[in-house]
Amino acid sequence: MKKTVLNKNKTLIELGDEFLVVCPHCASCASVIALDNPSPYVANVRRRFVCTACGATKDKVIKANGYGKARVSYEPKANYEVILIGDPCDWYFQLPLYLQIECSGNTLWGLNLEHLNYIENYIEAELRESHSYYLSVESRLPKWMKLAKNRSEVLRAIKKLKVKLNEKS
């Protein structure tokens, strides 16, 4: 029997409450978290970078736009501060994600373990529900990742990232 998956239609925003990043000071795995509301749309919330290996910390508060919200975009904007979603870095400090690896000539990345597990569950399924929400993780996965011919390579890469994460613990 083929493994199937039903779209849960989770968005990157729902999975982005914690980011595992590379510490710019010691290259260890560090975290970026929200100290209050984890939604990137909420402005004036303190985001914190923390590295438990070297003790580095840094805080940042995203300013509100004219509507009292933070600016969120899937594309960079040149004229104002924006929370950029969809690149292999955290949304606030723009630090590279710890969970990224070359795969099929591209970069496979995950924000955190929950995001990596979500992608893995979708990729390993041979039958996938075809109606996904346009901002869901499933709909935003690149085509190369969804192709059956790349399935085993993508799953191997995810396994390597999980081993990397377990080694840092």
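Higher on the page you've got the structure.
Before going into details, it helps to say that this report is about the structure given with it.

This model, assessed by the stated rule, comprises 4 salt bridges. Between E114 and K10 there is a salt bridge, with its nearest N and O atoms 3.3 Å apart. Here K10 lies in the loop between β1 (4–5) and α1 (12–15) and E114 lies in helix α2 (residues 113–124), a separation of 104 residues in the sequence. Between K162 and E120 there is a salt bridge; the shortest N-O distance is 2.5 Å. Of the two residues, K162 is situated in helix α5 (residues 151–168) and E120 in helix α2; the sequence distance between them amounts to 42 residues.

Within strand β3 (residues 29–34), 5 of the 6 residues are buried, which leaves the element mostly enclosed by the surrounding structure. Note: strand β2 (residues 18–22) against β3, 5 bridges, orientation antiparallel. Residue E18 lies in a different strand from β3, and its bridge partner there is I33. Here 4 bridges tie β3 to strand β4 (residues 46–50), and the two strands are oriented antiparallel to one another.

In spatial order, the strands read β2-β3-β4-β5; together these 4 strands make up an open sheet with antiparallel pairing. The open sheet terminates on both sides in strands that have one partner only, identified here as β2 and β5 (57–61). Each adjacent strand pair in this sheet contributes to an overall mean axis angle of 20°, direction not counted.

Reading the values: the criteria
- Residues numbered from 1 in each chain as written.
- Predicted model: local features only at pLDDT ≥ 70, side-chain atom pairs only at ≥ 80, totals over all residues.
- Heavy atoms only, no water.
- Salt bridge = Lys/Arg side-chain N within 4 Å of Asp/Glu carboxyl O.
- Helix = DSSP H or I, 4+ residues; strand = E, 2+ residues; numbered from the N terminus.
- Buried < 20%, exposed > 50% of the residue type's maximum accessible area, 1.4 Å probe, protein only.
- Pairing = 2+ DSSP bridges.
- Axes fitted to C-alpha atoms, helices over the stretch in contact; angles between N-to-C directions.

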